[in-house]
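Structural features, examined
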Amino acid sequence: MGEQGEETSDRHGLLHQTEEVQEQRLEGYSKWLSVALLCVMTAFLFADQNVMAPNLTAIAEDFGFTPEERDRKLGGDVAMVFFLVGAPVSVLIGYMTDKVQRNSLFCAVVFLGEAPCLATLLVTKYWHLVFLRALTGIAIGGAMPLIFSMLGDIFGIDRRAMISSILSTSIGLGISFGQFVSGMVGPDHGWRMPFAIVSLPSIFLAVLAFFLLPEPARGCTEEALRSKFEDPTTNFRYKERINWHKSLTVWHVRTNLLVFAQGAIGCLPWGMIFTFLNDFLSQEIRLSVQDSTAILTALNIGGSFGAFCGGFLGQYLFNKRPFLMTTMMGTSTILGIAPLLFLVNLPSPPSPLPPFGTLLFVAALTGFVGNFTGPNIRAILLNCNTPETRGTTFALYNLCDDLGKGFGPAIIAAMIVTQGRVAAFNTAVVVGWIGCGCAVLCIGFTMEADAAKVQEKVSLAAKGSGSGAQELELEGGPVTGSPALDRNGHELQAICPA
């Protein structure tokens, strides 16, 4: 086979036989250590996303804002800056994800994003807060492409939704933890203290991960390349990397376009929940800050369980028939409208409220049903994009998601001025989740074909098909070569015989 380090690839350099100490095929202990570390880091990273929400009125009073300025500046403008700064950074980091070593880049992104969150302790003016929240948005905006690019190279198509559900559960628990800490600590110790509490663990874990988190080998979980990686006589590495042409082909994948669309419109209700609902319950419904926070905590905990169960159920349905997965996702998204409308239409004083236990149950049900889609959407993106474009794809997904999260609260804040909070919240919930659910249902008609073409492309690369592998695009129409997947996603052995 020749000397170690010698190229054994097609003329486009898709596969090389080379010594790469930075990359490794993760198995056993190293695989689950990586997943555990990524989950813990993700939980603490997302803990600061909604840390302002329980103390929105306290922050407004500190800066001398009127109730209208509170909603517009803190609920709308700060949220928009937080996500819209993270969005372009996410695109840049997503592109870098597909080119460079990801574990070190991930640690740097988390550290550089969480340090400004800690610096919120020193805030004395409104523009200080806006500036630091914008920098903090970098961590969340840049981390997601890195996390899922690595997960795609740790687990194969038959387990990605399940693993995505575990990570999504970590996100929900992190958001719940941050909001709980803020609601419980803020009223007694000031609204700045929660920022320090949630940021310090992320900074510590970023330093720890720099030494412990391995770099997974790209493409090693693809069925079309598995025999190459498992061959003990070789040391093959998937060497294809992102370029300008490939970054454009991401937009040719029909499934990607539908995922981007559902993410943008589906964020309207979540923007309302995370930015306004806590303050709405304490100010308009006259619950205490602690009780309002408890309701949002119940919603987040329910969401964590929903993401966990949804991912496992989605993986089961996908392995049976992929179309069943998207049917479940779209239906659950639309069904989540009812319990959320119950919460935003609670009677104002002096009318009596339902029992507090009922409010906690409805909140948990809202989170549970509304979070079935998230982990499955991310698994679908992994399945429908090649290893060298996943970072860019997730960056664009984050961009659309962040546009919804950033502009969503700003749009809702503008609607509040003309319609009032209750009417604006109702509109956001109905329009957002009906539109999202319909887009997800449409994914069922495109997902299988796009996933099959991914395996076709890497199969051609593994066989040294050169230009054929390089030019194959994931859009409508047949492709040459052996079919990579049947309608159930299982017909893969013909691609990479043992």
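All of these numbers come straight from a predicted model, not from anything done at the bench.

**Looking at the environment of P347**
Relative to the elements of secondary structure, P347 occurs in the loop between α13 (337-344) and α14 (356-370). Residue P347 is classed as partly exposed on the basis of its relative accessible area of 29%. Considering only alpha carbons, one finds P347 and I285, 62 residues apart in sequence, at a separation of 7.0 Å. Ignoring any residue separated from it by four or fewer positions in sequence, one finds P347 in contact with I285, P352 and L353.

**Details of the pattern of salt bridges**
Counted according to the given criterion, the structure contains 12 salt bridges. For R70, the salt bridge identified is with D71, shortest N-O distance 3.3 Å. By relative accessible area, R70 is classed as buried at 8%. Under the relative-accessibility criterion, D71 is labelled buried at 7%. The closest approach of N and O atoms between D279 and R421, which form a salt bridge, is 3.1 Å. Taken as a pair, D279 in helix α10 (residues 254-283) and R421 in helix α17 (residues 421-443) lie far apart in primary sequence, 142 residues in all. Given the relative accessible area of 7%, R421 is considered buried. Each of R102, D153, R160, E215, E222 and R390 takes part in salt bridges that share partners, so that together they form one network.

**Some thoughts on the packing of aromatic side chains**
Note on aromatic pairs: each is described by the distance of the centres and the angle between the planes. Applying the stated rule across the entire model yields 17 aromatic pairs. Look at W191 and F195: their rings are 6.2 Å apart centre to centre, the planes differ by 80°, and that puts the pair in the edge-to-face class. Looking at W191, the relative accessible area reads 5%, which means it is buried. The exposure class assigned to F195 is buried, which follows from its relative accessible area of 0%. Plain terms: the ring middles of F210 and F211 are 5.3 Å apart, the flat faces sit at 90° to each other, and that makes the pair edge-to-face. When its relative accessible area of 48% is taken as the criterion, F210 is described as partly exposed. Judged by relative accessible area, F211 falls into the exposed class, the value being 65%. Ring pairing ties together the aromatic residues F63, F65, Y126, W191 and F195, which thus form one cluster. The ring of Y126 has K73 lying over it, and the distance from NZ or CZ to the ring centre is 5.7 Å.

Calculation notes
- Residues numbered from 1 in each chain as written.
- Predicted model: local features only at pLDDT ≥ 70, side-chain atom pairs only at ≥ 80, totals over all residues.
- Heavy atoms only, no water.
- Helix = DSSP H or I, 4+ residues; strand = E, 2+ residues; numbered from the N terminus.
- Buried < 20%, exposed > 50% of the residue type's maximum accessible area, 1.4 Å probe, protein only.
- Contact = heavy atoms within 4.5 Å.
- Salt bridge = Lys/Arg side-chain N within 4 Å of Asp/Glu carboxyl O.
- Phe/Tyr/Trp six-rings, centres within 6.5 Å; stacked < 30°, edge-to-face > 60°.
- Lys NZ or Arg CZ within 6 Å of the ring centre and 35° of its normal.

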